[in-house]
Amino acid sequence: MKYLHLLSLNLLALVTLAAPALAGEPKPTSLGLQEAASPNKARLVEFHDDLLMWIITAISLFVLILLVIVALRFNEKANPEPSTTTHNVPLEIVWTVIPIIILIIIAVPSFKLLYYLDRAPNPEMTLKVSGYQWGWTYSYPDQEIEDYNADYVTDEELADFIPDGQGRRLLETYNPIVLPTGKDIQILVTASDVLHSWTVPAFGVKKDAVPGRLNETWVHISKPGKYFGQCSEICGIRHAYMPISVYGVPEDEFNQWVECMKSDEGQDTDYPARFCVQKFDFDRYRTIESEEEIASIE
Amino acid sequence: MSADTTADHTDDKGHDHDDHKPGFFVRWFCSTNHKDIGTLYIIFSILAALVGGYFSMLMRAELADPGLQIAADGQEWNVWITAHGLIMVFFVVMPGLIGGFGNWFVPLMIGAPDMAFPRLNNISFWLLVPAFLLLCASAFVGTGAGTGWTIYPPLSDTLGHPGMSVDMAIFALHLAGASSILGAANFITTIFNMRAPGMTLHKMPLFVWAMLVTAFLLVLAVPVLGGAITMLLTDRNFGTSFFRPEGGGDPILFQHLFWFFGHPEVYIMILPAFGIVSHIVATFSKKPVFGYLGMAYAMVAIGFVGFIVWAHHMYTVGLDVNTKAYFTAATLIIAVPTGIKIFSWIATMWGGSIRFTTPMLWAIGFIFLFTVGGVTGVVLANAGMDTSLHDTYYVVAHFHYVLSLGAVFALFAGFYYWIGKMSGRQYPEFLGKLHFWVTFIGVNLLFFPQHFLGLQGMPRRYVDYPAPIPPEHLQGWFADPIEKIQWMAAQEYGYHLYNYISSMGGAITGFSVVIFLVAVFWTLFAGKRVGDDYWDNIPATKTLEWHVSSPPPFHQFDIQPAVK
């Protein structure tokens, strides 16, 4: 919503130093949803900012204004003689019917969005995700990359592990995952012990990881970048310490990464996924912002 | 609801010196008097609120800065959030609204001498005490129950919690549940059978309507919780596998059972609040409630629809898309009867002659903040939208707006409205208003920024959140707030800023509790004595409790009043 961004800018103007904007992570002053990095999220943002926010703001303000009018006009000084009205059938019909109409206005795009988000009809590749206490196991069946674990990078090791102070506390994993941009990716989610929930806000994806069930969701990453998420179902002592760290990169680079992952060079390292990400310097996509830059990559 | 109470009124006066009150122990520990049991419930609710509120203060203090400050680890944190949730739901809001105000005012309002089953009423209260002790004790046994109030398996199964703590929490819920079911049966019987002659269902005060609907919800919903946690108990201890996938069970089954109880439960907490607010708004507007029948049947509709929307708490568990579409539609419908109530309250005030006393301030605060919590509920009702917001702080903000700023505001509204009736002494108006304004500012500062955290994606139930650790001189509560806010806002990422502001609101809210306690003791020891109808109700809003003395005689309505 426009005014949200304006407010957010005002808040930023208060601070001495404006932070460079990176996609895919929470911003300290933002008042709205995370920036979309997929059509899934883009539609969610549109639904929320362009429809729901207007409606709920209008309703809240309407009630507030009525209360203010009531307080000013009908306090005991302004209006010592109370009326005795107790019924007004047309009015009661109006305030029953108008909310129904508003709800229908919400429901129609809501259902479209729901069915759109449900699954990709013809996915081009699959990512398998399995939650455990406390981390995520990933595998790429189409690329024949076997299970590997992604645990969070501790505070002590963060500065060494991710140079230049670019490390994101509680969001980085030793082994990240890498996904190609511009493809419909099916994501299958399960768990091996208790419930977890696999979430990446910038993708508009959240799916519970349930032992004994295989849940399906999907994403189409629209621009390269680094995206973060966190486990979203309480899972025990280290629930706050099982983040999700995803690089979205163009397809050819994704293929290079896959080759690296399967090569001896990659497999001999402690963290193959991280090694291969660093080998091709995917971190350069973190700061990709403008449309031109994105266009020049693709 | 005007009543012809001349006869019983003089009769009450005659009894003033001979109330047949039992001695202290028998009166308070073996009580069968609805007013004494109501008083016990209210005292219990306030004490439990102090414990539950203490956990809130710990949580806000922990989240004021990133990193671990107070909690030793995530498990301790999980124990806090579990205890906070269960205490506030089962031992604060329910005992306060239903046990406290329900017991006190349902018999008075319908012209009954007492509840239908006085001794059942006694055991309803006394089951709560061991339930509360069991729950508190569970925090100190083994690792404590760190499952969240939803106690989802497998985390709550022996896989996640091998010790005895979860078993104790389950027994605590069994006892609290039994207490609620017995109390509800008592209310239904009382309301259906003991109304004064002439008081038809359609002449019943709205608070009694609210309690009637609430009681039905309790009787239908709580046994389902009882069943679910009993199955969990046998999974944990007797080798069954209702919820264990390795034995052919399903963890999602528990969620369906839990929320079949859990969703009506949130209406169990809010419907009595609706009733109280209706009375207060009418009294202080000097107007009868607008659209009485619409108000009553809106509550019936909310109660009914409350049973068919439970899976909107489970949009991300992997439900079929058509199921999600149904639950989206059903959930949106709740906005209609709720809207009727909001607009009817405003219409009651419209044309009125309003006095802004403390209870009226709480009631108006309730109407507005409940609206804010309601509209975020409309956002969350959409299964698609919920993909981004489920289990984030947006949900936390939403349900605290409707419950903490809704049900709890109604608790305070009812307390200030009726404390003169219950104690015979009036609260100090200045302290009451101060309490309202400090709370109002505190809770909004506390919960409104949580919407922003949730929209950015901050998950619930997190002991620590992504954000850079601030430099030494900006850590803690006593850092320069301006410099600290500038520093937090200048960071590239993280949830620090709004968490810090939220914690500031938490501190203000904590302070407001001190004002409340001072007001309570002031009232009880130095409050002005009041007459029967100290709010000067107009005849149309003068329900039967305003026809008896303040406090009412130990036994009221020896001769049944007649309602015209």
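Further up the page is the structure itself.
Residues numbered from 1 in each chain as written. Chains lettered and ligands numbered in written order. Predicted model: local features only at pLDDT ≥ 70, side-chain atom pairs only at ≥ 80, totals over all residues. Heavy atoms only, no water.

## A short note on the overall build of chain B
Phase 1 of the analysis: Per the secondary structure count, chain B includes 17 helices and 4 strands.
Phase 2 of the analysis: A compact globule built from 564 residues would reach a C-alpha radius of gyration of about 24 Å, and chain B, at 24 Å, matches this within 12%.
Phase 3 of the analysis: For chain B, the proportion of contacts with a sequence separation of at least 24, taken over those separated by at least 6, is 82%.
Phase 4 of the analysis: Summing over all exposed atoms, chain B offers an accessible surface of approximately 17500 Å²; the carbon and sulfur share of this is 72%. (Helix = DSSP H or I, 4+ residues; strand = E, 2+ residues; numbered from the N terminus. Rg over C-alpha atoms; globule rule 2.2 N^0.38 Å. Contact = heavy atoms within 4.5 Å. Areas by Shrake-Rupley, 256 points an atom, 1.4 Å probe, with all protein chains shown as cover.)

## Digging into the overall build of chain A
Phase 1 of the analysis: Looking only at helices and strands, one finds 8 helices and 10 strands in chain A.
Phase 2 of the analysis: Out of the 298 residues belonging to chain A, those deemed buried represent 55%.
Phase 3 of the analysis: Within chain A, counting contacts between residues at least 6 apart in sequence, those at least 24 apart form 65% of the total. (Buried < 20%, exposed > 50% of the residue type's maximum accessible area, 1.4 Å probe, protein only.)

## Observations concerning the interface of chain B and chain A
For interface size, the figure often reported is the accessible area lost on association.
Phase 1 of the analysis: Listed by partner, the interface residues are 100 residues for chain B and 94 residues for chain A.
Phase 2 of the analysis: Looking at the side of chain B facing chain A, the largest losses of area belong to Gln456, Glu492 and Tyr493 of chain B, adding up to 9% of the total buried there.
Phase 3 of the analysis: The shortest N-O distance in the salt bridge between Asp250 of chain B and Arg213 of chain A comes to 2.7 Å.
Phase 4 of the analysis: Where chain B touches chain A, the interface holds 30 residue pairs in polar contact (both at pLDDT 80 or more). (Buried area = accessible area lost by both parts, 1.4 Å probe. Salt bridge = Lys/Arg side-chain N within 4 Å of Asp/Glu carboxyl O. Polar contact = N/O pair within 3.5 Å; in protein donor to acceptor, adjacent residues only side chain to side chain.)

## Some points on the nonpolar core
Phase 1 of the analysis: In terms of nonpolar packing, the biggest core is built from 249 residues, with Trp198 and Trp257 of chain A together with Phe90, Phe91, Phe101 and Phe366 of chain B touching the most fellow members.
Phase 2 of the analysis: A per-element tally of this core places helix H4 (residues 74–110) of chain B first, with 21 residues.
Phase 3 of the analysis: For Trp198 of chain A, the contacting residues outside a window of four places in its chain are Leu127, Val129, Trp136, Tyr138, Ile177, Ile187, Val189, Val205, Lys206, Lys207 and Ile244 of chain A.
Phase 4 of the analysis: By size, the runner-up hydrophobic cluster in this structure holds 26 residues, among which are Leu51, Leu103 and Leu113 of chain A together with Met385 of chain B. (Core = buried A, V, L, I, M, F, W, Y, C linked by side-chain atoms within 4.5 Å.)

## Let's talk about the pairing of strand E4 (residues 177–180) of chain A
All names here are of chain A.
Phase 1 of the analysis: Residues Ile177 and Leu179 line one face of E4 and the alternating positions Val178 and Pro180 line the opposite face, and both faces are buried.
Phase 2 of the analysis: Taken together, the 4 bridges between E4 and strand E10 (residues 243–249) define a ladder with parallel strand orientation. Counted as the bridge partner of Leu179 is Gly248 from E10. (Pairing = 2+ DSSP bridges.)

## Overview of the environment of Val402 of chain B
All names here are of chain B.
Phase 1 of the analysis: Residue position: Val402 is located in helix H14 (residues 393–423).
Phase 2 of the analysis: Residues Val402 and Gly373, 29 residues apart in the sequence, show an inter-C-alpha distance of 5.0 Å.
Phase 3 of the analysis: With residues up to four places along the chain from it excluded, the contact list for Val402 reads Ile270, Phe370, Gly373, Gly374 and Ala407.

## Observations concerning the sheet that holds E4 of chain A
Strands belonging to one sheet form pairs held by backbone hydrogen bonds; the direction of such a pair is parallel or antiparallel.
Residues and elements named next belong to chain A.
Phase 1 of the analysis: With mixed pairing, the 3 strands of this open sheet are ordered in space as E4-E10-E9. Bordering the open sheet on either side are E4 and strand E9 (225–230), each of which pairs with just one other strand. The mean angle between the axes of side-by-side strands here comes to 30 degrees, regardless of whether they run parallel or antiparallel.
Phase 2 of the analysis: Relative to the sheet, helix H5 (residues 251–262) contacts E4 and E10, its axis offset from that of E4 by approximately 140 degrees. (Axes fitted to C-alpha atoms, helices over the stretch in contact; angles between N-to-C directions.)

## Here's the deal with helix H7 (residues 206–237) of chain B
Residues and elements named next belong to chain B.
Phase 1 of the analysis: With 32 residues, H7 extends 45 Å from end C-alpha to end C-alpha; this agrees with the ideal 46 Å at 1.5 Å per step.
Phase 2 of the analysis: By the largest-angle criterion, Leu218 marks the main kink of H7, which is about 25 degrees.
Phase 3 of the analysis: Counting buried positions along H7 yields 23 of 32 residues, so the element is predominantly enclosed.
Phase 4 of the analysis: One or two residues past the end of H7 sits Gly239, with phi positive at roughly 75 degrees. (Expected span 1.5 Å × (residues − 1). Bend = angle between axes of the 7 residues up to and from the residue.)

## Quick look at the state of the cysteines
Phase 1 of the analysis: Across all of its chains, the model carries 1 disulfide over all chains by this definition.
Phase 2 of the analysis: Free of any disulfide, Cys231 of chain A has its nearest cysteine sulfur in Cys235 of chain A, 3.9 Å distant. (Disulfide = S-S within 2.5 Å.)

## Things to note about the side chain of Thr137 of chain A
Residue and element names in this part refer to chain A.
Phase 1 of the analysis: Turning to its location among the elements, Thr137 is positioned in strand E2 (residues 135–140).
Phase 2 of the analysis: Residue class for Thr137 comes out buried when judged on its relative accessible area of 14%.
Phase 3 of the analysis: If near-sequence neighbours (up to four positions away) are discounted, Thr137 is found in contact with Lys128, Val129, Ser130, Tyr132, Asp147, Tyr148 and Asn149.

## Concerning unusual backbone geometry
Excluding glycine, residues mostly carry a negative phi; peptide bonds, for their part, are mostly trans.
Phase 1 of the analysis: Here the amide bond leading from Gln133 of chain A into Trp134 of chain A is cis, since omega sits at 0 degrees, within 30 degrees of zero.
Phase 2 of the analysis: Checked against the element boundaries, Trp134 of chain A lands in the loop between strand E1 (125–132) and E2.
Phase 3 of the analysis: In the segment running from Pro153 of chain B into Pro154 of chain B, the intervening peptide bond is cis, with an omega of 5 degrees.
Phase 4 of the analysis: Relative to the helices and strands, Pro154 of chain B is located in the loop between helix H5 (118–138) and helix H6 (165–193).
Phase 5 of the analysis: Phi angles above zero are rare outside glycine, and Asp281 of chain A is one such case at about 50 degrees.
Phase 6 of the analysis: Tracing the backbone shows Asp281 of chain A in the loop between helix H7 (272–279) and helix H8 (291–297).

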